Amino acid sequence: MGWRTRCDRIELATTFFGRIWNRPRAGRVSRDIEIATKLQEKQRQMHEYRSADNAPPPDRFQAVFPSLSRLAGQKPLRSIVRRGRNAWRTGVADEATFLIDGQAYFSALDDALGRAQREIWIIGWDFNPDIRLRPKSSTETLGERLLSLVDNLPQLRVRILVWGMGPIYSGKSLRLFRQSPISRHPQISLTFDFKHPLRACHHQKLVSIDGSVAFMGGIDLTARRWDESDHRSANPLRLSPDGTPYPPVHDVQCLVSGEVAGMIRDVARRRWKRATSENVSSEIDATIIRPALAADMVQAPAAIALTEPGLIGKRGRYEARRLTRDAIAAAKRYIYVETQYLASAGVCRALARRLKEQNGPEIAVIVTKTSHGWIEKFTMGSNRDRLIRRLKRADWFDRLKVMYAVTSDDNGGEEEITVHSKLIIIDDRFVRVGSSNLNNRSEGLDTECDLALEADCAAHKEAITSLRHRLIAEHLGATAAEVREVEKSRSMLEAIAALNTRERCLREYEVDPDCSETSLLPGSALVDPRRPYWPLQKLRLRLGRFLATLV
């Protein structure tokens, strides 16, 4: 490349970024007003659509407009999402709604399924047709719901793709592999995906309906996922299909529509083609359907980040891993994390670097404390303790809290709430929801899919702030309004400490920072590997190198 070409490229880049950076303030304000107006119109429509008992809350944007003038005086922050580096595809979410816990997700899914016309995609780590989507009001199972839909709509096609080992790991049963009304129906295709590296799994959790609406997050359509947001210790509705009760569980899913919903459909098509060799057309002849729920964000910049392990002769995709690192590096004020596992050495290093900065962000991490099974205890549990110990040693300025959620039981004691969500919020301007855990295998061995939403106006930022307040309030047995009020005069960690006084609360994860090791356990690479292990391929490469030395 000649010097003139390099200069031309530098001039072009400078002009491009200069136009973005120097965008007129009036333009930024008009963008805020446009977004707020669209959301107000959506809420007005939903108010008419719903019954009086289910009417949406009062217009929340009365609190947003005062902030528009403040935003107009700020320089726009650089986007965290960068297509080609930490995003597979980027687009716009016409509407995005955050669904906290299984009850909210399953109810919204049941409503969306009822409006499907042409196709339904279900991609998951596991699938159980015997779960109930609305256990409070109906005994109908998911399988019965799908069968009734295809029986009434001869043009409807349902494709279900499940990790081949998922039903065994979750239910210790081979029953799903047997012939059933679901698998025998000509309009339903139930496929088990075994095409993955040794010890890997397909971990994506998404549903796509007619390419118009889609769900993505940490919740599979399987047993032991449904729960209400109060997470009572004894909930008679919180039962597996066989009638066995299970502990409280917290999770997050996101409902989106528009362009990003089509992107999620493309993720499902890619996975389906790889598993079955069937190339489903990218075109779909269906009327656009819209979510019935009031949107939290409208016209929001969105991105899909994938993890796909590299196979022999095929390069992998690692956008999700880079997205997490880049989000942590971009934080200015605070990082809020909910994760089932905290066992990634790379994430730990990224957080430790931020903790050592004198003016770095506050970091709140909500994890699951209890590990199940000896392998999980050996790797995820022991390595989690070691990495938390490393983070505490790096916390020179007291800006870190690692906590787990508990609720009171019927015996006057405490019961832990399983945190199954995979969520990161950065400065209330970025949120990532998806399937990726903060462990090594989610970074390059398993198949993962995450959704990122960024704020480009005050309305978006207010929506992400509201999500964080709702999550903190749920863990503390408070209301989002209480969290918001306390944060007016305190930082995020100070607000958590001030409200953390009730039976429903967050307990600090106690680890002595000066005791024992901080490096990963020996052998972790075998149980929680970061990349596929191809013994035959490595043997061939080593043999080739050896023969090359003899020539």
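Throughout, residues of each chain are indexed from 1 in the direction in which the sequence is written. In keeping with the predicted nature of the model, local features appear solely for residues at pLDDT of at least 70, side-chain atom pairs appear and are counted solely at 80 or more, and the whole-chain, interface and lining totals rest on all residues. Where side-chain values are given, they derive from all heavy atoms of the structure, hydrogens and water being excluded.

Undergrad: I keep staring at the side chain of R225 and nothing clicks. Help me out?
TA: Only DSSP runs of H or I reaching four residues or more are called helices, and only runs of E reaching two or more are called strands; each is numbered from the N terminus. Counting through the fold element by element, R225 comes out in the loop between β6 (213-217) and β7 (249-250). The classification of residues rests on relative accessible area computed with a 1.4 Å probe and restricted to protein chains. Under 20% of the type maximum is buried, over 50% is exposed, and intermediate values are partly exposed. Charge convention: Lys and Arg are scored as positive, Asp and Glu as negative, and His as well as the terminal groups of each chain are ignored. For this document, the term salt bridge refers to a Lys or Arg side-chain nitrogen within 4 Å of an Asp or Glu carboxyl oxygen. Despite its burial, R225 pairs with no opposite charge, the nearest such side chain being D220 at 4.1 Å. Each residue touching R225, except ones within four places of it in the same chain, is listed here: G102, F106, W125, I219, D220, Y246, V249 and H420. Throughout, a residue-residue contact means that at least one pair of heavy atoms, one from each residue, lies within 4.5 Å.

Undergrad: Quick question: what am I supposed to make of helix α4 (residues 102-113) here?
TA: What a helix is expected to span follows from its residue count: subtract one and scale by 1.5 Å. For α4, spanning 12 residues, the distance from its first C-alpha to its last is 16 Å, which sits close to the expected 16 Å at 1.5 Å a residue. By the burial criterion, the buried members of α4 are G102, Y105, F106, A108, L109, D110, A112 and L113. The inward-facing, buried residues of α4 contact β1 (89-100), β2 (119-124), α5 (142-152), β5 (206-209), β6 and β8 (252-257).

Undergrad: What is the right way to read the side chain of D427 from this model?
TA: Topologically, D427 is positioned in the loop between β16 (423-426) and β17 (430-434). In this structure D427 is buried but unpaired, with R429 as the nearest side chain of opposite charge at 4.3 Å. Counted as a polar contact is a pair of N or O atoms within 3.5 Å, where, for protein atoms, one must be capable of donating a hydrogen and the other of accepting one, and residues adjacent in sequence contribute only when both atoms are in side chains. A distance of 2.6 Å separates the side chain of D427 from the backbone nitrogen of K332, its partner in a polar contact. Separated by 2.9 Å, the side chain of D427 and the backbone nitrogen of Y334 make a polar contact. Apart from the residues within four sequence positions on either side, D427 is in contact with A330, A331, K332, R333, Y334 and K461.

Undergrad: Would you take a moment to explain the nonpolar core for this structure?
TA: Nonpolar side chains tend toward joint burial in soluble globular proteins. The criterion is simple. A nonpolar core is a set of buried Ala, Val, Leu, Ile, Met, Phe, Trp, Tyr and Cys residues joined through side-chain atoms within 4.5 Å. Counting residues in each nonpolar core, the largest one holds 59 residues, and the members touching the most others are V256, I304, Y336, L423, V431, L451 and L453. For this core, the leading source of residues is helix α8 (residues 259-276), giving eight residues. With 39 residues, the next largest nonpolar core counts A327, V337, C348 and I426 among its residues.

Undergrad: What am I meant to see in the pattern of salt bridges here?
TA: Pairing between side chains of opposite charge can happen when their charged atoms approach one another. Tallying each qualifying case throughout the model produces 37 salt bridges. In this structure, the salt-bridge partner of R274 is E308, at a minimum N-O distance of 3.5 Å. Residue R274 is found in helix α8, and its partner E308 is found in strand β9 (residues 297-308); the two are separated by 34 residues along the sequence. Look at R274 and you get partly exposed, because its relative accessible area is 28%. With a relative accessible area of 3%, E308 lands in the buried category. In this structure, the salt-bridge partner of E443 is R530, at a minimum N-O distance of 3.5 Å. Linking E443 in the loop between β17 and β18 (448-454) with R530 in the loop between α15 (524-527) and α16 (535-550), this pair joins segments that are 87 residues apart in sequence. The class of R530 is partly exposed, set by a relative accessible area of 30%. Linked through salt bridges whose partners overlap, the residues forming this network are E119, R159, R265 and E278.

Undergrad: Hey, could you run me through the pairing of β5 in this one?
TA: Looking along a regular strand, one sees the side chains alternate between the two faces of the sheet. Residues of β5 alternate between two faces, with L206 and S208 on one and V207 and I209 on the opposite face, all of them buried. For two strands to pair, DSSP has to find at least two bridges joining them. By the bridge criterion, four bridges tie β2 to β5 in an arrangement that is antiparallel. Residue pairing for β5: I120 is matched across the bridge by I209. Where β5 meets β6, four bridges bridge the pair, whose relative direction is antiparallel.

The analysis is restricted to geometry; functional conclusions fall outside its scope.
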